[in-house]
Each structure stands twice: as structure tokens, then as C-alpha cells.
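Given next are the chains, with one letter for each unit.
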Amino acid sequence: LLLLSDDEALVNLVLGIVEPPWKLVRSSADRYTNRRMFTQPNVRLVILDDQTVKENDRSWLLARIRKHFSGTSLLYVAGSHSDGNERRARSNGAHYYVSKPLALDRFGHVLQSFLRAQGAKG
């Protein structure tokens, strides 16, 4: 699972849910030019929190995630909701879209569902 976020509440939630055989790789979302992030092997789920990503860079980042992690489930957390944010996320393959303020319990249940579904795929 690749988590791209600077939101400590979101990071702590994911840390509390992810357990072996899953491995959590975390990076700051605004450091998306870091090549190491795109060389992670076996990524099966990406969580992108766009709060610290510049508006003009969001489409580019989503396209890069799709290119390097094709077939991977993407959970998109928008720093603030707009029709444009949601359209961009969904047109770039987001399997789940939510905006802040984040209902952590609900997002935790969604994450657990995606982890179970990915685990069932093997």
C-alpha cells in the first residue's frame, strides 16, 4: 500500500489498519517528484491525499500513478471538494473519492474493504 499524505490523522488511521502481509510505504504527497515513490514493487493500493499538491500538478500526478501502478486501486482524498477535483480523480481511475473533512471511521471501513478485496485477488 502506497500512502501519499501529510495528514497525520489519515496516516495514523492507515497505520492502525494495515497489517501483514501488507506493507505500508508512506511518502509526502508534495514530494511526488521523488522517483523512489514510483519504483516501489508490488503496489496494489494507492491512497492519494491531494491537500498539499498544487492544483496545476494534480492531473500530472494522477497520470503518473496510473502509468506506474496500472491496475492498482486508487483511493483519492481531496483537500476540498469541487466538481473539478472529483471529475479529475474519477477520470484518472480513482476507485473511491472523498473530500475533507474526512470521516475517519467511514474511511477506515472503506480502506478495510479494499484491503480485503485486494487480498482475495491474491
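One can find the structure itself at the top, above this paragraph.
Reading the values: the criteria
- Residues numbered from 1 in each chain as written.
- Predicted model: local features only at pLDDT ≥ 70, side-chain atom pairs only at ≥ 80, totals over all residues.
- Heavy atoms only, no water.
- Helix = DSSP H or I, 4+ residues; strand = E, 2+ residues; numbered from the N terminus.
- Rg over C-alpha atoms; globule rule 2.2 N^0.38 Å.
- Buried < 20%, exposed > 50% of the residue type's maximum accessible area, 1.4 Å probe, protein only.
- Contact = heavy atoms within 4.5 Å.
- Areas by Shrake-Rupley, 256 points an atom, 1.4 Å probe, with all protein chains shown as cover.
- Phe/Tyr/Trp six-rings, centres within 6.5 Å; stacked < 30°, edge-to-face > 60°.
- 1 Å grid on protein atoms, 1.4 Å probe; cavity = no way out; pocket = protein on both sides within 12 Å on 5 of 7 lines; lining within 4 Å.
- Points joined across faces, edges and corners; volume = space filled by probe spheres on them.
- Nonpolar A, V, L, I, M, F, W, Y, C, P; charged D, E, K, R; others polar.
- Core = buried A, V, L, I, M, F, W, Y, C linked by side-chain atoms within 4.5 Å.
- Arc of directions from axis to C-beta.
- Polar contact = N/O pair within 3.5 Å; in protein donor to acceptor, adjacent residues only side chain to side chain.

Enquirer: I would appreciate a short explanation of the overall build of the protein in the present structure.
Expert: Across its full length, the protein holds 4 helices and 5 strands. In the protein, the succession of helices and strands from N to C terminus is β-α-β-β-α-β-α-β-α. Compactness check: the protein gives a C-alpha radius of gyration of 13 Å against a globular reference of 14 Å for 122 residues, within 12% of the reference. Looking at the 122 residues of the protein, the share that counts as buried comes to 48%. At a minimum sequence separation of 6, the contacts of the protein that also span at least 24 residues come to 56%. For the protein, the accessible surface area stands at approximately 6600 Å², while carbon and sulfur atoms represent 48% of it.

Enquirer: Help me understand the packing of aromatic side chains, please; the structure alone is not making it clear to me.
Expert: Where two aromatic rings form a pair, the distance of their centres and the angle of their planes describe that pair. All told, the structure shown has 3 aromatic pairs when counted by the stated rule. Summarising the aromatic geometry, the rings of Tyr-76 and Tyr-97 are spaced 5.9 Å apart at their centres and angled 15° between planes, so their arrangement reads as stacked. On the criterion of sequence distance, the pair formed by Tyr-76 in strand 4 (residues 73-78) and Tyr-97 in strand 5 (residues 96-99) is long-range, its members being 21 residues apart. Note on accessibility: Tyr-76 and Tyr-97 belong to one class, buried.

Enquirer: Could you clarify how one ought to interpret the layout of surface pockets in this entry?
Expert: Rolling a probe over the atoms, with the probe sized like a water molecule, indicates the empty space that remains. In this structure, the largest pocket spans a volume of roughly 260 Å³. Forming the boundary of the largest pocket are 12 residues, of which Leu-1, Pro-21, Lys-23, Pro-41 and Asn-42 lie nearest the centre. When its residues are assigned to classes, the lining of the largest pocket shows 6 nonpolar, 4 polar and 2 charged.

Enquirer: So what exactly am I meant to see when it comes to the environment of Ser-28 here?
Expert: Tracing the sequence through the fold places Ser-28 in the loop between strand 2 (25-27) and strand 3 (45-49). Remark: the alpha-carbon pair of Ser-28 and Asp-7, spanning 21 residues in sequence, is separated by 9.0 Å. Other than its neighbours up to four places away in sequence, Ser-28 contacts Ser-5 and Asp-6.

Enquirer: Would you explain the nonpolar core in this entry?
Expert: Across soluble globular proteins, nonpolar side chains show a tendency to be buried alongside one another. Counting residues in each nonpolar core, the largest one holds 21 residues, and the members touching the most others are Leu-1, Ile-47, Phe-107 and Leu-111. Listed by contribution, the elements that provide at least two residues to this core are helix 1 (8-17), strand 3, strand 4, strand 5 and helix 4 (104-121). Excluding residues that lie within four positions of it along the chain, Leu-1 makes contacts with Val-14, Val-18, Trp-22, Lys-23, Leu-24, Val-25, Leu-45, Ile-47, Leu-111 and Leu-115. With 19 residues, the next largest nonpolar core counts Met-37, Val-46, Phe-69 and Tyr-76 among its residues.

Enquirer: How should I be thinking about helix 1 in this particular structure?
Expert: For an α-helix the count is 3.6 residues per turn, leaving residues at separations of three or four pointing the same way. All buried positions along helix 1 are accounted for by Leu-10, Val-11, Leu-13, Val-14 and Ile-17. Taken down its axis, helix 1 places every buried residue within 160° of arc, on the same side. The residue sitting at the N-terminus of helix 1 and contributing the capping side-chain oxygen is Asp-7; that oxygen lies 3.0 Å from the backbone nitrogen of Ala-9.

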